[in-house]
Structures are given as C-alpha cells and as structure tokens.
Amino acid sequence: MSLQNQVYPVLWQADHVLLIDQTRLPNEYALVEISRSDDMAQAIKTMIVRGAPAIGVAAAYGMYLGAREIEVGDLKETSASSDRDFFLTQLEAVAQKLRTTRPTAVNLFWAIERMLKTARQTLGSVDYLKQVLLETAQQINAEDIETCQAIGDYGLSVLPREPHKLRLLTHCNAGALATAGYGTALGVVRSTWAADRLERVYADETRPRLQGAKLTAWECVQEGIPVTVITDNMAAHCMQQGMIDAVVVGADRIAANGDTANKIGTYSVALIAKAHNIPFFVAAPLSTIDFKITNGNQIPIEERDPVEVYQVGDTMLCPPGVEYYNPAFDVTPAALITAIVTEHGAFSPSQLQGELSEKVV
Ligand code: MRU
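First, a word on what this report is: a plain description of the structure on this page. (Residues numbered from 1 in each chain as written. Predicted model: local features only at pLDDT ≥ 70, side-chain atom pairs only at ≥ 80, totals over all residues. Heavy atoms only, no water.)

1. Quick notes on the overall build of the chain
Part 1 of the reasoning: Counting its secondary structure elements, the chain contains eleven helices and 16 strands.
Part 2 of the reasoning: Principal-axis analysis of the C-alpha atoms places the extent of the chain at approximately 75 × 55 × 40 Å.
Part 3 of the reasoning: Expressed as a percentage of its 361 residues, the buried residues of the chain come to 55%.
Part 4 of the reasoning: Taking the intrachain contacts of the chain between residues at least 6 apart in sequence as the baseline, contacts between residues at least 24 apart amount to 76%.
Part 5 of the reasoning: For the chain, the exposed surface amounts to about 15300 Å²; the carbon and sulfur share of it is 50%.
Part 6 of the reasoning: Computed over 29 positive and 42 negative side-chain charges, the inter-centroid distance for the chain is 2 Å. (Helix = DSSP H or I, 4+ residues; strand = E, 2+ residues; numbered from the N terminus. Buried < 20%, exposed > 50% of the residue type's maximum accessible area, 1.4 Å probe, protein only. Contact = heavy atoms within 4.5 Å. Areas by Shrake-Rupley, 256 points an atom, 1.4 Å probe, with all protein chains shown as cover. Lys, Arg positive; Asp, Glu negative; His and termini not counted. Charge placed at Lys NZ, Arg CZ, Asp CG, Glu CD.)

Have a look at this one:
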C-alpha cells in the first residue's frame, strides 16, 4: 500500500524533530519543532505526541537530542576513555528524565534501553557515538512503519471471513498518529480497507481525552475510510444489534501471559465482545510486549490530572465538592483476547512466551 496519504507524527528533519501536535487535532493541524531533550520529555508528558510506539520513537530522538547536548570538550585534561565515561553517565541522566514522562507504555522504556545499549556497545569517539545514536533513532522510526504494515496484513488474515464486508470496532487511537505511521489497530483497519473487505470502522469516542472522536476519526477522514463515532457507552448496544464483526485495539504494554494494558475502557469493550461472541484482537509490535513481567497486575497504570474528567473545553461538568479518579489505562485479561497480532504473525495469548520472546531486540 502506498504511504503517500500517510500521517507521520514524528519526523526527523535536518537537525530537529517535527511533531504533529496531537492536542490540537482535529481542529488545527500544527507542527511543533523539537530541538532539545527537555522539550521532547515535555511533549511526551503533555501528549503532544502519544500512543505507545510513537512515544517510543519520540523518546529515541529525545535520547539523541540529549546526547547532542552533552559537551565533553569542557573537561580539562581528559582522555578519550574518561570522555566516553562522562558521556555515558550524562546519557543515563537523559534516559532517566525521559523515563519519568509516562509510566505505562513500555515502548518508551524499550526505545530508551535500545539507545543506551547502542551507546554502550559502540566503540569510537563521542562524536561518532552521537552520530550512531541519531542513526539508531532513525532506524527505530523506519522499522516501526514496516512493523505496522506487517501487523496490518497479519491482522487482515485473521479477521472473520464473513460473506459481507467487515464492521470493525476500535477504541482510542492506535493509528498512524500513535505510531511512526500506518498504525497498529488502525493498521489492521487500513489493510482491511485496502483489500476492499471493510464496510466501516466504529470508533469509540474514548473518554476522557477523546482520542477516538478526535484522532481516529480524523485519520479515517484523511483516507476516506468510512467511520462512525459512538460514545463509549454505545458499544454494547451496537454489538447486541449485530453491527460489529470484530474488535481491534492497540496496546501500551502486554505482560508475558498476554494480559494487555490499553486505553481506559478497553477492558469493558473486551467483556462485552466476549458476551456477544465477537472476536477481540490486540494489534501491537513486539516492542509492546514486556516479557519481564508475568501478568497484568504488574503493569504500572498512569493516573492523569482529574481536570480531564471534570472539564470539557471551558465547561465544568460536575458540581464543586466531588472527588475524581482518572486512570489512563486498564488491563484486559488474556482470557478475553482472541489473538495478539504482531509483526511476526497472530498468536493466542498463551503462545507469546517461547520463540517470540527470543525475537525481542
Ligand atoms: O494515552 P494515549 O493516547 O497515549 O493512549 C494510547 C493508547 O492507549 C493506544 O491504544 C496504545 O498506545 C496503542 S497505540 C498503537
């Protein structure tokens, strides 16, 4: 499929990164120029860039930008090896700053570790190390697009073979905006559309930040993919009415047993899909699987500012004196997941461990 219509939320340009400001979509398409690692950390925290794989790519560039800021020449009478030690210590500090931006999406930590490992294993001058770090970030960026296309195609191959074109439901935004391009869950939607097997996609609006209504809908409109936005509490009704053939969602972190953290509300979608005998697919790259943790209880769940719950635009939704709870993600138990679609194929949750765990870079 051609990439011409594609959206690239994180793009390296000459000497800086361009981010699509996702907090402004769909009303405004604005680009933000990022030249410093502090600004990249802030962009991840404030969700200018969001979505697990996109956060990973952004963090990789953040690592390079931080590396670029490290000046070893200031040290008097240094040897090449102390320059290198100093550089690696400073780079660890950059990594630590980026690690504190968002806790749930494991792609962030995966990308940071890959950059650190590259730096540690690369021999040569500090200038050479910096160059290799830029190339590694660019590689992570390029790989993610290929990965998403493979996920899209494997996803298409496991979707139900109905006599009619498919009606797919998705939650949040796991599209081009949430990756380096193409998307995971929305990658499956794109591949299904390209194969002329999609009737339409139903997008849960995804309270509180409305990634479905704002971002998934925007992406679909860009490509002419038929999309119907529903509020989150309409999904069960749509399933009961026979309007949905399959659910496809993304993931922020998948435990070794297949338990999957994704945007808050995903768990309820999985439950109602099970109740209606509708297949529930998770589409995610290998970099989203955290083989270090055995089950979903160990996944850290980000809690965000309650303002996201009580205020929409300038409108206060609740009376004073109310308390709030705003977890950004929930965990869908593996038992509710039909298959996890990766760039290496589709696996039942129980199949994740084994040969797949050896493929993680
Ligand atoms: O809080 P967000 O918008 O970063 O959450 C995004 C999601 O939950 C996505 O579904 C997930 O990151 C997968 S993106 C391919």
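Further notes follow.
2. Focus: the site of the ligand
Part 1 of the reasoning: What surrounds the ligand is a group of 19 residues, the closest being Ala-52, Arg-102, Asp-252, Asn-262 and Lys-263.
Part 2 of the reasoning: Note that an oxygen atom of the ligand is positioned 2.9 Å from one of the backbone N or O atoms of Gly-51.
Part 3 of the reasoning: The contact in question runs from an oxygen atom of the ligand to an N or O atom on the side chain of Asp-252, over 2.8 Å.
Part 4 of the reasoning: In isolation the ligand exposes 420 Å². Once the protein is present, 100% of that is buried.
Part 5 of the reasoning: More than half of the atoms belonging to the ligand lie within 2 Å of the grid points that define the largest cavity.
Part 6 of the reasoning: Elements with a minimum of two residues in the shell around the ligand: α2 (52–69) and β9 (260–263).
Part 7 of the reasoning: Looking at the shell around the ligand residue by residue, the class counts come to eight nonpolar, seven polar and four charged. (Near = heavy atom within 4 Å. Polar contact = N/O pair within 3.5 Å; in protein donor to acceptor, adjacent residues only side chain to side chain. 1 Å grid on protein atoms, 1.4 Å probe; cavity = no way out; pocket = protein on both sides within 12 Å on 5 of 7 lines; lining within 4 Å. Sits in = over half its atoms within 2 Å of the grid points. Nonpolar A, V, L, I, M, F, W, Y, C, P; charged D, E, K, R; others polar.)

3. Remarks on the sheet that holds strand β3 (residues 31–34)
Paired through backbone hydrogen bonds, the strands of a sheet run either parallel or antiparallel to each other.
Part 1 of the reasoning: The strand order β1-β2-β3 describes an open sheet built from three strands, whose pairing is antiparallel. The sheet is open, and its two edges are formed by β1 (10–13) and β3, each paired on a single side. Within this sheet the neighbouring strands show an average axis-to-axis angle of 30°, counted without direction.
Part 2 of the reasoning: For strand β2 (residues 16–20) and β3, the ladder comprises four bridges, and the chain directions are antiparallel. (Pairing = 2+ DSSP bridges. Axes fitted to C-alpha atoms, helices over the stretch in contact; angles between N-to-C directions.)

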